[in-house]
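Close look at the chain arrangement
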Amino acid sequence: MKYEVECSVCGESSPNLLDFKCPLCGQPLNVQLRFDFEVEEIRRQDYTVWRYERFFPYIKEREIVTLGEGWTPLVESSGNVCFKLENLNPTGSFKDRGSTVLISALHSLVKGAGGYISEDSSGNAGASVAAYAARAGLKARIYVPENVCGPKLNQIRFYGAQVTRVSGGRSEVAEEAERTDKEKVYVGHILHPLFRDGIRSLAYEVVEQLGWHVPERIYVPVSAGTLLLGLIDGFNHLLQSNIIEAMPKIVACQTKQVSPLYHRFKNLGYTPPGKVTSLADALVSVKPPLLDLMVKSLREAKGEAVIAEEDEVRAAFVELARKGFFVEPSSAVAYSGYRKQLENEEVSEDEETIVILTGSGLKTTLKPDW
Ligand SMILES: Cc1ncc(COP(=O)(O)O)c(C=O)c1O
Ligand SMILES: [Zn+2]
């Protein structure tokens, strides 16, 4: 067996690719790989995520649904710092790595059953899943909070997805999206193991773009944790396959307002704000369902966690733009984490560092205040 989908808590294996939580205990599922990464297996002429097709054994080549995602530029900022431009993916965020894998794996199954997919997200994941559903000719329904508006919702609607507005908080939206209904197949990106698994490709790419060399540090913004977990899985796979000799130091960056991982990681208590008002409007998971998994994974990877104040996020966002990198304020959280660690001398300028720029500034509703 080349892979198995297994429960992260009880270990039960789950042979149905449509499962998004353990059929026995309801806890999150993980894809376990039972093969090595081999450089010779890369499809060298393919400059998309599908360059690594051989390492996603649950997907048949003829089933691939792609918009040309992945193989995003790794651009030097200054000295030893590079930015990975995930904002340049087809729908404007790193989520396309998850969507291409998720939709490629499931579209025939769903269509075959005459069904449609459902997802809960008013942001980048909703837009990305809607785009890949459109590409696959698959019907999609995206559940969003009642009061949501703005560029990401427009994007979801232009891709042709149905939008269902749900009153209440984020968990009510998720509950409604998950609620069983005739023909509905829930593929929510936060829980679905195949979405997270697609993010693995980011680790492969970074290491290949550096000539099979592992950077010392990587800064990522964290909300629900799919980016963090997928990235760690990818590096673990490379490590176990003897492609790299050590894990990079992975630094999970959050805003002070929305910092459940930071607090749990440091064994501190966390009380979420009554209402999230952060500039980083894509980082809103105050109670992420994958929190236990994130803490365990980040500890095992010997990573770190850092939080940024709102004025630090704004300053990082503007500084990135002034360097020519126009990204979402949520993406700037990773850069502000780096700036903060530099100031505190927790990292030196000599360390080879990568900051993942996760989403496009063209989607921001922020206006210049000058
Ligand atoms: C631009 C951007 N950056 C970072 C994240 C955080 O990713 P995750 O929820 O996987 O932690 C998100 C999630 O929505 C996002 O949209
Ligand atoms: Zn289980």
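Note: the structure precedes this text.
Anyway, here's the lowdown on the structure attached to this text. (Residues numbered from 1 in each chain as written. Chains lettered and ligands numbered in written order. Predicted model: local features only at pLDDT ≥ 70, side-chain atom pairs only at ≥ 80, totals over all residues. Heavy atoms only, no water.)

1. Some remarks on the overall build of the protein chain
- When its secondary structure is counted, the protein chain shows 11 helices and 12 strands.
- Here the protein chain has a C-alpha radius of gyration of 19 Å; the compact-globule value for 370 residues is 21 Å, and the two agree.
- Projected onto the principal axes, the alpha-carbon positions of the protein chain cover approximately 55 × 50 × 40 Å.
- By sequence separation, contacts in the protein chain at least 24 residues apart represent 69% of the contacts at least 6 residues apart.
- Summed over its atoms, the accessible surface of the protein chain is roughly 15,800 Å², and 47% of this surface lies on carbon and sulfur atoms.
- The average position of the 42 basic charges and that of the 49 acidic charges among the side chains of the protein chain differ by 5 Å. (Helix = DSSP H or I, 4+ residues; strand = E, 2+ residues; numbered from the N terminus. Rg over C-alpha atoms; globule rule 2.2 N^0.38 Å. Contact = heavy atoms within 4.5 Å. Areas by Shrake-Rupley, 256 points an atom, 1.4 Å probe, with all protein chains shown as cover. Lys, Arg positive; Asp, Glu negative; His and termini not counted. Charge placed at Lys NZ, Arg CZ, Asp CG, Glu CD.)

2. Quick look at the site of ligand 1
- Around ligand 1 sit 16 residues in total, of which K95, N124, S223, T226 and T358 are the nearest.
- A224 is positioned such that a nitrogen or oxygen atom in its backbone is 2.9 Å from an oxygen atom of ligand 1.
- T226 has a polar side-chain atom sitting 2.5 Å from an oxygen atom of ligand 1.
- For ligand 1, the accessible surface in isolation is 380 Å², of which the surrounding protein chains cover 95%.
- Here the shell around ligand 1 is built from residues that sort into seven nonpolar, seven polar and two charged. (Near = heavy atom within 4 Å. Polar contact = N/O pair within 3.5 Å; in protein donor to acceptor, adjacent residues only side chain to side chain. Nonpolar A, V, L, I, M, F, W, Y, C, P; charged D, E, K, R; others polar.)

3. Quick word on the pairing of strand β6 (residues 140-145)
- Of all the six residues making up β6, five are buried; the element is thus mostly covered by neighbouring parts of the structure.
- By the bridge criterion, four bridges tie strand β5 (residues 116-120) to β6 in an arrangement that is parallel. Its bridge partner being in β6, E119 is matched across the sheet by I142.
- Between the parallel elements β5 and β6, the chain passes through helix α2 (residues 124-136) in a crossover that is right-handed.
- Two elements, β6 and strand β7 (residues 162-166), share five bridges in a ladder whose sense is parallel. Residue pairing for β7: P145 is matched across the bridge by V166.
- As for the winding sense of the linkage, the β-α-β connection from β6 through helix α3 (residues 151-158) to β7 is right-handed. (Buried < 20%, exposed > 50% of the residue type's maximum accessible area, 1.4 Å probe, protein only. Pairing = 2+ DSSP bridges. Right-handed = clockwise from strand over helix to strand, strands pointing away.)

4. Quick notes on helix α10 (residues 310-322)
- Helix length check: α10 (13 residues) gives 18 Å between terminal C-alpha atoms against 18 Å at 1.5 Å per residue, within 8%.
- Within α10, the full set of buried residues consists of V313, A316, F317 and L320. Relative to the axis of α10, the buried residues are bounded by an arc of 100° and lie together on one face. Opposite the packed face of α10, turned more than 90 degrees from it, sit the exposed residues D311 and R322.
- Considering only its buried residues, α10 is in contact with β4 (81-85), β10 (249-255), β11 (304-308), α11 (329-343) and β12 (353-357).
- Residue G324 follows α10 closely and has a positive phi angle near 100°. (Expected span 1.5 Å × (residues − 1). Arc of directions from axis to C-beta.)

5. Some thoughts on the sheet that holds β11
- Spatial strand order, β3-β4-β12-β9-β10-β11: six strands in an open sheet with mixed pairing. Sheet topology places β3 (74-78) and β11 at the edges, where each strand pairs with a single neighbour. Averaged over all neighbouring strand pairs, the angle between strand axes comes to 25°, with direction disregarded.
- As paired elements, β4 and β12 share five bridges and run parallel to each other. Within the sheet, the bridge partner assigned to V81 lies in β12 and is T353.
- With respect to the sheet, helix α7 (residues 226-240) is in contact with β9 (217-221) and β10, its orientation differing from that of β9 by roughly 155°. (Axes fitted to C-alpha atoms, helices over the stretch in contact; angles between N-to-C directions.)

6. Quick look at the coordination of the zinc ion (ligand 2)
- Surrounding the zinc ion (ligand 2) are the protein donor atoms C7 (SG), C10 (SG), C22 (SG) and C25 (SG), which sit 2.3 to 2.4 Å from the metal.
- Note that the zinc ion (ligand 2) binds four donor atoms; their angles at the metal cover 101 to 121°, and the shape is tetrahedral.
- Each donor residue of the zinc ion (ligand 2) belongs to the same chain, and together they define the spacing C-x2-C-x11-C-x2-C. You can see C10 sitting in the loop between β1 (3-7) and β2 (29-33) and its partner C25 sitting in the loop between β1 and β2, a full 15 residues away along the chain.
- Judged by its relative accessible area of 35%, C25 falls in the partly exposed class. (Donors = N, O, S within 2.8 Å, 3.2 Å for Na, K, Ca; no water. Tetrahedral: all angles 85-135°; square planar, octahedral: opposite > 155°, others 65-115°.)

7. Quick word on the pairing of β11
- Burial analysis of β11 places four of its five residues in the buried class, the great majority of the element.
- Here β10 pairs with β11 via five bridges, running parallel. Bridging from a neighbouring strand, T255 pairs with A308 of β11.

8. Structural notes on the side chain of D46
- With respect to the helices and strands, D46 occurs in the loop between β2 and β3.
- Given the relative accessible area of 16%, D46 is considered buried.
- A polar side-chain atom of D46 sits 2.8 Å from a polar atom in the side chain of T48.

9. Section: the packing of helix α6 (residues 200-209) against α7
- Across the interface, α6 lies against α7 with an axial gap of 6 Å and an inter-helix angle of 55°. Classified by the interaxial angle, the pair formed by α6 and α7 is oblique. For the pair α6 and α7, the sense of crossing is right-handed. Along its contact with α6, which presents R200, L202, A203, Y204 and V207, the element α7 presents L227, G230, L231, D233, G234, F235, H237 and L238.
- Class assignment of the residues belonging to the contact of α6 with α7 gives a composition of eight nonpolar, three polar and two charged. (Parallel < 35°, antiparallel > 145°, perpendicular 65-115°, else oblique. Left-handed = near helix turned anticlockwise from the far one by under 90°.)

None of this, on its own, says anything about what the molecule does.
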